[in-house]
Amino acid sequence: MPDMDMLATGLDHPEGVAWDPGGSLIAGGEAGQIYEVDPGTGAVHERASTGGFLFGVTPGPGGSVMGCDFGRAELVRIGADGDVASLSRGTEADPLRVPNFAAYGEDGTLYLTDSGTWGEDDGSIFRVGADGSTQVWSREAPAFPNGCCLTAEGDALLVVESRARRVVRIPIAENGAARPPTVVSDLTGSQPDGVALAADGTMFVGCYRPDRIWRIPPGGEPEIWAEDADGVVLNQPANVAFFGPDLDRLVISSLGGWNLMTADPGVTGLPLRIPSV
């Protein structure tokens, strides 16, 4: 396992973690907390609380954060000033149930996974506009769709299907529609959760169980990059994200604990897409 350092502690079971190019890490808590973490000192500041249970967190325009709130069953927008507002509850026919992770596309559209009910393979992926307009985008990755990210080219969405133990690639058609998915990587033997993409195409995938992080080279077979059989250093490392001015460090959440860990991934991360408005 690579050398791991504790970056910050005292967070309330953080699942989502992401780098805000403004200079801080953001993370969520199980009581709806939105944390800001200084990457240099590890100091933790609570910006706001939604009162729910935050899963994925995504940096938005103007220092805002888009939070996938399982407790409220909605996508929320947390402003730079800490103001919390509902952005989407799904559609009338398909209300959100388990909003899990969101990623911006080339045109500012937010792709949002709704994991559905574990064991029933009824998850879906939504498209959410800046005004909150929402539609179901794909139902073809239904086995608990979880973490997601755009490819470097922006022509496809990579999605972790936790119950199917795999990562799939869903191409984005020219008209914005979803094309049929293909399997990118089989992660049998684990319950994958979150994904981070390096600039060279390497994927890092955090696992809810076991306490493991996969490294998947572009076009190659997955390899166990880090694993903690005792769950002491890594404790349900649900999400991973590149951070820092050069995106050359990897931060690892701890859904089962209170810490953010960090390590050298040996590659640099692909910058997240964040709309200007």
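Up top is the structure.
Computed from a predicted structure; not experimentally measured.

Here is what the cut-offs are and how they apply
Residues numbered from 1 in each chain as written. Predicted model: local features only at pLDDT ≥ 70, side-chain atom pairs only at ≥ 80, totals over all residues. Heavy atoms only, no water. Phe/Tyr/Trp six-rings, centres within 6.5 Å; stacked < 30°, edge-to-face > 60°. Helix = DSSP H or I, 4+ residues; strand = E, 2+ residues; numbered from the N terminus. Buried < 20%, exposed > 50% of the residue type's maximum accessible area, 1.4 Å probe, protein only. Patch = residues over 30% accessible without salt bridge, like charges linked within 9 Å, V, L, I, M, F, W, Y side chains within 5 Å. Areas by Shrake-Rupley, 256 points an atom, 1.4 Å probe, with all protein chains shown as cover. Salt bridge = Lys/Arg side-chain N within 4 Å of Asp/Glu carboxyl O. Core = buried A, V, L, I, M, F, W, Y, C linked by side-chain atoms within 4.5 Å. Contact = heavy atoms within 4.5 Å. Pairing = 2+ DSSP bridges. Axes fitted to C-alpha atoms, helices over the stretch in contact; angles between N-to-C directions. Lys, Arg positive; Asp, Glu negative; His and termini not counted. Polar contact = N/O pair within 3.5 Å; in protein donor to acceptor, adjacent residues only side chain to side chain.

(A) Expanded view of the packing of aromatic side chains. Taken as a whole, this structure holds 8 aromatic pairs when the rule is applied. Where Phe 53 meets Phe 55, the ring centres are 5.2 Å apart and the plane angle is 80°; that geometry is what we call edge-to-face. When the centroid spacing of 4.8 Å and the interplanar angle of 70° are considered together, the rings of Tyr 111 and Trp 137 count as edge-to-face. Of this pair, Tyr 111 sits in strand 11 (residues 110-114) while Trp 137 sits in strand 13 (residues 134-138), and the two are 26 residues apart along the sequence. For the pair Tyr 111 and Trp 137, a shared accessibility class is recorded, and that class is buried. Ring-pair connections join several aromatic residues into one group, and the members of that group are Phe 53, Phe 55 and Phe 70.

(B) A look at a nonpolar patch on the surface. A grouping of Met 1, Val 232 and Val 233 is seen on the molecular surface, where their side chains present a nonpolar patch of about 280 Å² in accessible area. Looking at where Val 233 falls in the secondary structure, it is placed in the loop between strand 21 (223-227) and strand 22 (240-243).

(C) Fine view of the pattern of salt bridges. Using the criterion set out here, one finds 13 salt bridges in the structure. Note that Glu 161 and Arg 166 form a salt bridge whose closest N and O atoms lie 2.8 Å from each other. Look at Glu 161 and you get buried, because its relative accessible area is 1%.

(D) Region of interest: the nonpolar core. Within the largest apolar cluster, 29 residues are counted, with the highest numbers of intra-cluster contacts made by Met 4, Leu 25, Phe 204, Ile 213, Trp 225, Phe 242 and Val 251. Those elements that place two or more of their residues in this core are strand 1 (5-8), strand 2 (17-20), strand 3 (24-28), strand 4 (33-37), strand 21, strand 22, strand 23 (249-252) and strand 24 (260-263). Of the residues forming this core, the biggest block, 4 residues, is contributed by strand 22. Apart from the residues lying within four places of it in its own chain, the contact partners of Leu 25 are Leu 7, Val 17, Ala 18, Trp 19, Tyr 35, Glu 36, Val 37, Phe 243 and Val 251.

(E) Fine view of the sheet that holds strand 24. Taken in spatial order, the 4 strands line up as 1-24-23-22 in an open sheet, and their pairing is antiparallel. The sheet is open, and its two edges are formed by strand 1 and strand 22, each paired on a single side. Mean inter-strand twist for the sheet, computed between neighbouring axes without regard to direction, equals 35°. Examined bridge by bridge, strand 23 and strand 24 share 3 bridges and lie antiparallel to one another. By the bridge assignment, Val 251 is partnered in strand 24 with Thr 262.

(F) Structural detail: the side chain of Thr 151. Residue placement: Thr 151 occurs in the loop between strand 14 (145-150) and strand 15 (156-161). The buried category is assigned to Thr 151, whose relative accessible area is 6%. Beyond its immediate chain neighbours, meaning those up to four positions away, Thr 151 contacts Ala 156, Leu 158, Arg 169, Leu 197, Leu 270 and Arg 273.

(G) Seen up close, unusual backbone geometry. In this structure, Pro 210 follows Arg 209 across a cis peptide bond, with omega equal to -15°. By the element assignment, Pro 210 lies in the loop between strand 19 (203-209) and strand 20 (212-216). Backbone geometry at His 13 places phi at a positive 50°, although glycine is not the residue there. Within the secondary structure, His 13 sits in the loop between strand 1 and strand 2. Note on His 13: relative accessible area 16%, which makes it buried. Unlike most non-glycine residues, Arg 165 shows phi in positive territory, near 55°.

(H) Region of the structure containing the side chain of Asp 12. On the secondary structure map, Asp 12 appears in the loop between strand 1 and strand 2. One buried charged residue, Asp 12, remains without a salt bridge, the closest side chain of opposite sign being Arg 72 at 15 Å. In terms of polar contacts, Asp 12 uses its side chain to reach the side chain of Gln 33, at 3.0 Å. Not counting residues up to four positions away in its chain, the partners in contact with Asp 12 are Gly 28, Gly 29, Glu 30, Ala 31, Gln 33, Tyr 35 and Gly 257.

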